[in-house]
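So the chains spell out like this:
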Amino acid sequence: MEIWTLIVKSNTFNFLILLGLIIFAIKFFKVGNLIESACSKVRETVEKSQNVKEDSIEELKKANETVKNIAREVEEIFNNAQKSAELTGKKILDDADIEARGIFDNARKILESENKKTALSLTQKTALASYEIAKNHICKTIKEKPDYHKDFIEQSIKELDRLKTNE
């Protein structure tokens, strides 16, 4: 019984429970798949952005060849396309980061809830065991020394009188 109590109170046991719950949450919510999906979307968007950038560069070259007097307009269009691609990529990365944080926060909340449930369960079991041990000890003591029975009754009466006078 002392070994079990030592194991339950040890940080290693608590760490293993927490680690198990984290692994369970990751597998249950398929966090890896969600992250991989978000990463693939980001990759696709970045590739699309690079393609857009390359296309813009090609259009700029064609425009320079055909119309040299509107070089400034083409340069402005190119800069806008590049900024737009950068902003789109940044927004996608930010959205993926927010979603990942939300997933991790939910997992943390679930773990905290499970830890509280486990602690409450252990507390209840410990209280019940303590009650049974005390009950058995009192019964054993009264059987071994019957004169203690009178002492217990007298102490209880005195305590009741004391409570009555305190009101």
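Residues numbered from 1 in each chain as written. Predicted model: local features only at pLDDT ≥ 70, side-chain atom pairs only at ≥ 80, totals over all residues. Heavy atoms only, no water.

## Points about the overall build of the protein
Now for step 1: Counting its regular elements, the protein contains five helices and zero strands.
Now for step 2: Ordering the α and β elements of the protein from the N terminus gives α-α-α-α-α.
Now for step 3: Taking 15 Å as the expected radius of gyration for a compact globule of 167 residues, we find that the protein reaches 36 Å, considerably beyond that expectation.
Now for step 4: Projected onto its principal axes, the C-alpha positions of the protein cover 115 × 40 × 20 Å.
Now for step 5: In the protein, which comprises 167 residues, the proportion classed as buried is 10%.
Now for step 6: By sequence separation, contacts in the protein at least 24 residues apart represent 62% of the contacts at least 6 residues apart.
Now for step 7: Of the roughly 14,200 Å² that the protein leaves accessible, carbon and sulfur atoms contribute 60%.
Now for step 8: In the protein, 28 side chains carry a positive charge and 28 a negative one; their mean positions are 6 Å apart. (Helix = DSSP H or I, 4+ residues; strand = E, 2+ residues; numbered from the N terminus. Rg over C-alpha atoms; globule rule 2.2 N^0.38 Å. Buried < 20%, exposed > 50% of the residue type's maximum accessible area, 1.4 Å probe, protein only. Contact = heavy atoms within 4.5 Å. Areas by Shrake-Rupley, 256 points an atom, 1.4 Å probe, with all protein chains shown as cover. Lys, Arg positive; Asp, Glu negative; His and termini not counted. Charge placed at Lys NZ, Arg CZ, Asp CG, Glu CD.)

## Concerning the environment of Cys39
Now for step 1: Along the polypeptide, Cys39 turns up in helix H3 (residues 31-66).
Now for step 2: Cys39 gets classed as partly exposed once you look at its relative accessible area, which sits at 33%.
Now for step 3: It is 9.7 Å that separates the C-alpha atoms of Cys39 and Ile92, two residues lying 53 residues apart in sequence.

## Notes on the environment of Thr88
Now for step 1: On the secondary structure map, Thr88 appears in helix H4 (residues 71-144).
Now for step 2: For the pair Thr88 and Thr45, spaced 43 residues apart in sequence, the C-alpha to C-alpha distance is 8.1 Å.

## Overview of helix H2 (residues 11-29)
Now for step 1: Over its 19 residues, H2 extends 26 Å from the first C-alpha to the last, a length consistent with the 27 Å expected when each residue adds 1.5 Å.
Now for step 2: One or two steps after H2, the chain reaches Lys30, where phi turns positive at roughly 50 degrees. (Expected span 1.5 Å × (residues − 1).)

## Digging into the side chain of Ser56
Now for step 1: Mapped onto the elements of the fold, Ser56 is located in helix H3.
Now for step 2: When sequence neighbours within four positions are dropped, the list of residues in contact with Ser56 reads Phe78 and Ala81.

## Brief notes about H3
Now for step 1: For H3, with 36 residues, the first-to-last C-alpha span of 52 Å sits near the 52 Å given by 1.5 Å per residue.
Now for step 2: All of the buried residues in H3 are Val31, Val42, Thr45, Ser49, Ser56 and Ala63.

## Some points on the pattern of salt bridges
Now for step 1: According to the stated counting rule, one finds eight salt bridges in the structure shown.
Now for step 2: Of the charged contacts, one joins Arg108 and Glu112 as a salt bridge, the two residues approaching to 3.1 Å between their closest N and O atoms. Taken as a pair, Arg108 and Glu112 lie in helix H4 at a separation of four residues, close to a single helical turn.
Now for step 3: Salt bridges here are not isolated pairs; linked through shared partners, they connect Asp105, Arg108 and Glu112. (Salt bridge = Lys/Arg side-chain N within 4 Å of Asp/Glu carboxyl O.)

## Quick look at a negative patch on the surface
Now for step 1: A cluster of acidic residues, Glu54, Asp55, Glu58 and Glu59, forms a negative patch on the protein surface.
Now for step 2: One can find Asp55 in helix H3.
Now for step 3: Look at Asp55 and you get partly exposed, because its relative accessible area is 40%. (Patch = residues over 30% accessible without salt bridge, like charges linked within 9 Å, V, L, I, M, F, W, Y side chains within 5 Å.)

## Brief notes about the environment of Glu54
Now for step 1: Along the polypeptide, Glu54 turns up in helix H3.
Now for step 2: On the basis of relative accessibility, which here comes to 46%, the residue Glu54 falls in the partly exposed class.
Now for step 3: It is 89 Å that separates the C-alpha atoms of Glu54 and Cys139, two residues lying 85 residues apart in sequence.

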